Amino acid sequence: MPHPSRRGFLKRTLGTCWTGAALLEQAVFRANHARAQAVDGLPTLFDIEKVADGIYAAIARPETLLNCNAAIFENNADLLIVDAHSKPSAVISLVSQIRRDVTKKPVRYLVNSHFHWDHTQGSPSYRRIAPHADIVSSEVTRKLLSENGAERLKQSAAQTEKSLQEYKEQLGAAKDPQEKAALQRLIRDSTAYLAEMKNYTPELPNVTFDRDLIIHDKSHDLHLAFRGRAHTSGDVMVYCPQKKVIASGDALHGFMPYIADGYPTEWQTTLLQFAEFPFEHVIGGHAAVQHTRKRLYQMGNYITELTDLVLKDKRNNKTLPQIQGTITPDKLKSLADDGYGKFMLDSVMRYRVPTPGVDSSTLLASGLRTNIAEIFAALERT
């Protein structure tokens, strides 16, 4: 689903999504549940799921400062892990969990699927945990991290501080105990994030490639591929042909797409390039593992249909508010395709922290308006 480098950070990522009393109650329950299941004294931030022999998905539990999923490929003597979350402490927590529940093999490769904060800000921890490991990305992603990493962190900190003040003001006016508990969590998590990232320095990949990089291991082959612009200009996927599994970052996942750094007129073409790999299971950057190929086509169709409508209205000199007022979820065939709109809504409801004051019944429409604004701006940019 969703800000620092990505969704205008908390305001736009979390602001488009959420809640109601039931969801606030879920947030408190999840926080307590996570604390009760700590790993080596660290909070358990992920649910590790076996996808195939030697391949695991670390599914990120809901957090105020969003973490991405991680894909774990167990090689003969070591590990390749895809993506590094929003903060170094999340990496420490996950590696402790892997060593306890999966394997004690060392990390040999870390792949940055793209440059966004919630996928890369934990990279320095991997460098400390595994000093000889290689951090791998597309050449484009390394360039984007080098040029934008520090500035995006500065923006995220500023937005988090602003959100923190808003949470404190809301807490002062809150009367419902569940709403107070949810706001207290938002305040606690935001304060901890700001403290942790105060002296943060981005870690750049030391291995890059332009199109393909294949790792031949005794256990399986791992095919890293860049096939064009989509969610960003540097998205890569990791494919294991023996196990029919791909890790797709945010080019393909269960949330509504984030398009502000994206290329909506090219996204579907890139996904169709991914589809040439005969995968059966998808570990996306967010939400649950997909044991089907159909969501790739559905996501591409949604982005393309919406882009075509926005482009048509823009050419007719309609303003952004006018376009947002005329394109609604019920008018999009792609959202109705085998319940794709409901699938995205259910994913956000399950894997994102509720934000007080936003009714979940408006979530899909709110996310659609955000996507329209992102596409409108992307068309100006391109």
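All of these numbers come straight from a predicted model, not from anything done at the bench. (Residues numbered from 1 in each chain as written. Predicted model: local features only at pLDDT ≥ 70, side-chain atom pairs only at ≥ 80, totals over all residues. Heavy atoms only, no water.)

### Considering the overall build of the chain
Condition: Strands here are runs of E lasting at least two residues and helices are runs of H or I lasting at least four, both read from the DSSP assignment and numbered beginning at the N terminus. Only protein chains enter the accessibility calculation, which uses a 1.4 Å probe. A residue is then buried if its area is under 20% of the maximum for its type, exposed if over 50%, and partly exposed in between. In this description, accessible areas are obtained by the Shrake-Rupley approach with a 1.4 Å probe, and a residue is regarded as covered only by the protein chains that are shown.
Along the chain, the regular secondary structure elements total 13 helices and 12 strands. Across the 382 residues of the chain, 57% fall into the buried class. For the chain, the exposed area adds up to about 15300 Å²; of that, 51% sits on carbon and sulfur atoms.

### Quick look at helix 3 (residues 88-101)
Rules: One fewer than the residue count of a helix, multiplied by 1.5 Å, yields its expected span. When checking whether two residues touch, look at their non-hydrogen atoms; a contact exists if any pair is within 4.5 Å.
Across its 14 residues, helix 3 extends 20 Å between first and last C-alpha, which sits within 8% of the 20 Å expected from 1.5 Å per residue. Those residues of helix 3 that fall on the buried side of the exposure criterion are Pro88, Ala90, Val91, Ser93, Leu94, Val95, Ser96, Gln97 and Ile98. The secondary structure elements touched by the buried residues of helix 3 are strand 1 (46-52), strand 2 (55-60), strand 3 (70-74), strand 4 (79-82), helix 5 (123-129) and helix 7 (177-196).

### Considerations on the nonpolar core
Put simply, the test is: By nonpolar core we mean a set of buried residues, namely Ala, Val, Leu, Ile, Met, Phe, Trp, Tyr and Cys, connected to one another through side-chain atoms within 4.5 Å.
In terms of nonpolar packing, the biggest core is built from 36 residues, with Ile55, Phe73, Leu80, Val82, Val111 and Val238 touching the most fellow members. Ignoring anything within four residues of it in the chain, the contact list for Phe73 reads Gly54, Ile55, Asp78, Leu79, Leu80, Val82, His220, Leu222, Val238, Cys240 and Ala247. Membership of the second largest hydrophobic core comes to 35 residues, among which are Ala225, Leu335, Met344 and Leu364.

### Considerations on the confidence of the model for the chain
Note the cut-off: The quantity known as pLDDT measures the predictor's confidence residue by residue, on a range of 0 to 100.
Mean pLDDT over the chain stands at 88; residues scoring 70 or higher make up 87%. Low pLDDT (under 50) marks residues 1-39, which in the prediction has 142 contacts with non-local residues, meaning those over four places away or in another chain.

### Quick word on the environment of Ile98
Looking at where Ile98 falls in the secondary structure, it is placed in helix 3. Taking C-alpha positions, Ile98 is 8.2 Å from Ile48, a pair spaced 50 residues apart along the chain. Filtering out sequence-adjacent residues up to four positions away, Ile98 remains in contact with Ile48, Ile72, Leu79, Ile81 and Thr103.

### Digging into the packing of aromatic side chains
The geometry of an aromatic ring pair comes down to the distance between the two centres and the angle between the two planes. Rules: Put simply, two rings from Phe, Tyr or Trp (the six-membered ring, in Trp's case) pair if the centres are within 6.5 Å, and we call them stacked under 30 degrees between planes, edge-to-face over 60, tilted for the rest. To sit over a ring, a charge needs its Lys NZ or Arg CZ within 6 Å of the ring centre and within 35 degrees of the ring normal.
This structure, assessed with the given rule, holds 4 aromatic pairs. Through successive ring pairs, a cluster of aromatic residues spans Tyr302, Tyr340 and Phe343. Against the face of Tyr109 rests Arg108, its NZ or CZ located 4.6 Å from the ring centre. The ring of Tyr263 carries Arg381 above its face, with NZ or CZ at 5.1 Å from the centroid.

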